[in-house]
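Coordinate analysis (summary)
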Amino acid sequence: MARARLRVTLPDGVWASDVSRAHPEATLSVLSVMPTDDAAVALVSLQAENAPAVVRDIEAAESVTEVELQRAAEDVREVVLQVETTDPRLLGPLREARLPIEHPVIVADGEAQFTVAGARERLSALATALEAAAMEFEVAYVHDAIDAEDLLTDGQRDLLTAAVEAGYYDTPRETTLTKLAQQQGIAKSTASERLHRAEGKVIKRFAEDSLGLQAAGERLTRTSKP
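For the structure given in this document, a descriptive report is provided here. Quick caveat: nothing in here was measured; it's all calculated off a predicted structure.

Helices and strands together make up the secondary structure of the protein, namely eight helices and nine strands. In the protein, the share of contacts with a sequence separation of at least 24, taken over all contacts with a separation of at least 6, comes to 63%. About 12700 Å² of surface is accessible on the protein, with carbon and sulfur atoms providing 49% of the total.

As structure tokens, then:
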């Protein structure tokens, strides 16, 4: 199974596209979506300096049939809405490729960023479906899902586990690198290099999976323009 992070330019006429372009300072986080026969209902977190104005534009969008306020912060800069739309344009390519999407989907200034996971053939099918729908997109990265046993060597995994359990990453630290090296029966220089490599692998994977970032020299980008 592979995971891919995409940035899709939403077409004009899609409510999230039109509203986010009209309010480029706003961020829409689609927390979940429930497709219906001829529409879709989405749970959306909105963050904006003037959230009420953005909500009014959502309500006025042609493809939006209902907006229900679920929660609002005291400073009225963040609200959670339930939005029903008759034009869930992005769901079509995802449904055609039979790919599950990982929420939240982040929409800002007309672009949607999200992660999908599945077989590489399905990722290719999604690219084809997006092109057929005349949606421009970029692939920030594609990588195969790897578990901890494949990501780290045995020595790296053992040392990293010992470091966490001994409080090496606590503030203040409960142990030292010297003590960790002694416990593992290795030289301090070996422990330092091994731990640094393990930390680098874990941090890079977290950055890819959770932050949508890619290490320098490893980025795979694909741009499609109809």
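Resuming the write-up.
Further remarks concern the packing of aromatic side chains. Under the criterion given, the structure shown has one aromatic pair. Between Tyr168 and Tyr169, the aromatic rings sit 5.1 Å apart at their centres with planes inclined by 85°, giving edge-to-face as the arrangement. Take Tyr169: its relative accessible area is 37%, and that puts it in the partly exposed class. The aromatic ring of Tyr168 is capped on one face by Arg173, whose charged end is 3.9 Å from the ring centroid.

This part takes up the pairing of strand β6 (residues 101–108). One ladder, built from three bridges, connects strand β2 (residues 27–35) with β6; its direction is antiparallel. The partner of Ser29 across the bridge, within β6, is Ile106.

Take unusual backbone geometry next. Trans is the prevailing form of peptide bonds, just as negative phi is the prevailing case for residues other than glycine. Omega for the bond connecting His103 with Pro104 falls within 30 degrees of zero, at 10°, which places this linkage in the cis form. For Pro104, the location among the structural elements is in strand β6. In this chain, Thr171 is followed by Pro172 through a cis amide linkage whose omega measures 0°. Mapped onto the elements, Pro172 comes out in the loop between α6 (154–165) and α7 (177–184). One non-glycine residue, Arg98, adopts positive backbone phi at about 55°. Along the chain, Arg98 falls in the loop between α3 (91–97) and β6. Relative accessible area serves as the criterion here: at 60%, Arg98 is assigned to the exposed category.

Another point: helix α1 (residues 15–22). Buried within α1 are the following residues: Trp15, Ala16, Ser17, Val19 and Ser20. In this structure, the buried side of α1 is in contact with β2, β3 (40–47), α2 (51–60), β4 (64–72), β5 (78–85) and β6.

On to the side chain of Ser45. Tracing the backbone shows Ser45 in strand β3. Overall, Ser45 belongs to the buried group, its relative accessible area being 8%. What Ser45 contacts, discounting residues up to four positions off in sequence, is Thr27, Leu28, Ser29, Leu31, Glu78, Val79 and Val80.

What counts and what doesn't
Residues numbered from 1 in each chain as written. Predicted model: local features only at pLDDT ≥ 70, side-chain atom pairs only at ≥ 80, totals over all residues. Heavy atoms only, no water. Helix = DSSP H or I, 4+ residues; strand = E, 2+ residues; numbered from the N terminus. Contact = heavy atoms within 4.5 Å. Areas by Shrake-Rupley, 256 points an atom, 1.4 Å probe, with all protein chains shown as cover. Phe/Tyr/Trp six-rings, centres within 6.5 Å; stacked < 30°, edge-to-face > 60°. Buried < 20%, exposed > 50% of the residue type's maximum accessible area, 1.4 Å probe, protein only. Lys NZ or Arg CZ within 6 Å of the ring centre and 35° of its normal. Pairing = 2+ DSSP bridges.

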